Amino acid sequence: QQQVKQSPQSLIVQKGGIPIINCAYENTAFDYFPWYQQFPGKGPALLIAIRPDVSEKKEGRFTISFNKSAKQFSLHIMDSQPGDSATYFCASRGAGKLIFGQGTTLQVKP
Amino acid sequence: DAGVTQSPTHLIKTRGQQVTLRCSPKSGHDTVSWYQQALGQGPQFIFQYYEEEERQRGNFPDRFSGHQFPNYSSELNVNALLLGDSALYLCASSRILLGGPNTEAFFGQGTRLTVV
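Quick notes on the rules
- Residues numbered from 1 in each chain as written.
- Chains lettered and ligands numbered in written order.
- Predicted model: local features only at pLDDT ≥ 70, side-chain atom pairs only at ≥ 80, totals over all residues.
- Heavy atoms only, no water.
- Phe/Tyr/Trp six-rings, centres within 6.5 Å; stacked < 30°, edge-to-face > 60°.
- Helix = DSSP H or I, 4+ residues; strand = E, 2+ residues; numbered from the N terminus.
- Buried < 20%, exposed > 50% of the residue type's maximum accessible area, 1.4 Å probe, protein only.
- Lys NZ or Arg CZ within 6 Å of the ring centre and 35° of its normal.
- Contact = heavy atoms within 4.5 Å.
- Buried area = accessible area lost by both parts, 1.4 Å probe.
- Salt bridge = Lys/Arg side-chain N within 4 Å of Asp/Glu carboxyl O.
- Polar contact = N/O pair within 3.5 Å; in protein donor to acceptor, adjacent residues only side chain to side chain.

## A closer look at the packing of aromatic side chains
Aromatic rings considered in pairs are described by the distance between their centres and by the relative angle of their planes.
Working step 1: As enumerated under the stated definition, the model contains 18 aromatic pairs over all chains in all.
Working step 2: Consider the rings of Y25 of chain A and F73 of chain A, whose centres lie 6.2 Å apart with planes at 55°: the pair is tilted. Here Y25 of chain A is found in strand β3 (residues 20–25), whereas its partner F73 of chain A is found in strand β8 (residues 72–77), with 48 residues between them in sequence. The pair Y25 of chain A / F73 of chain A is uniform in exposure class, with both members buried.
Working step 3: Taken together through their ring pairs, the aromatic side chains of Y25, F30, F33, W35, F66 and F73 of chain A make up a single cluster.
Working step 4: Over the ring of F106 of chain B we find K26 of chain B, and its NZ or CZ is 5.2 Å from the ring centre.

Next up, the structure:
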């Protein structure tokens, strides 16, 4: 019940494309769902997050869609740029601790 | 605001040795959590400190221990190092809201530990 499953493992898109990364969770007690971006050799940086009483949240080019009944959420990156090439992690918070997905390596080609 | 700072950035130790990693939380934050990130994997929760006490613990052996100081900074200690302890160790800080959940967690840049 503590797992968070993330897909795909890797993704290649052209500049301007809209990569979509999906996550599924099991524990309905999770209360907060953040996405982190991580560059090689760096710590994860918080991108955007959503609470389970909201179905969509947009911040700049990043959008989270949240489906509480399906226990799934996804990250959409609009007008993707080569600088968005990084590893993206979804997470779910339960009892104050974060449980991370396995990560998605995104490559945006110029 | 300096954000979450960790030291050292890199460390090489020999099997069987002990190591101490340090973390200073973001200004205004009172809770520190430690995570281990193996190469190509997502971070795994080790434990969380609040009010100088370990509040939660993940599935890590007792060789992993920690401490939180009155100024909210924290240390992670690992004894009897194994080759499998080689990883990026991340510290995250947040603030507990009275009657509510924690604020967002912000991560430091990590300490890359290599055990040889």
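Now that the structure has been shown, the text picks up again.
## Topic: the interface of chain A and chain B
Where interface size is quoted, it is often the accessible area lost as the parts come together.
Working step 1: Across the boundary between the two partners, chain A contributes 19 residues, which contact 20 residues of chain B.
Working step 2: Both faces considered, chain A and chain B share a buried interface measuring about 1500 Å² in area, 54% of it formed by carbon and sulfur atoms.
Working step 3: Of all residues in chain A, P44, K97 and F100 of chain A give up the largest surface area on contact with chain B, accounting jointly for 28% of the area buried on that side.
Working step 4: Applying the counting rule to chain A against chain B returns 0 salt bridges.
Working step 5: The interface formed by chain A and chain B contains 5 residue pairs in polar contact (both at pLDDT 80 or more).
Working step 6: Mapped onto the side of chain A that touches chain B, the elements with two or more residues apiece are β4 (33–38), β9 (86–94) and β10 (97–100) of chain A.
Working step 7: Top contributing element to the side of chain A that touches chain B by residue count: β10 of chain A, with 3 residues.

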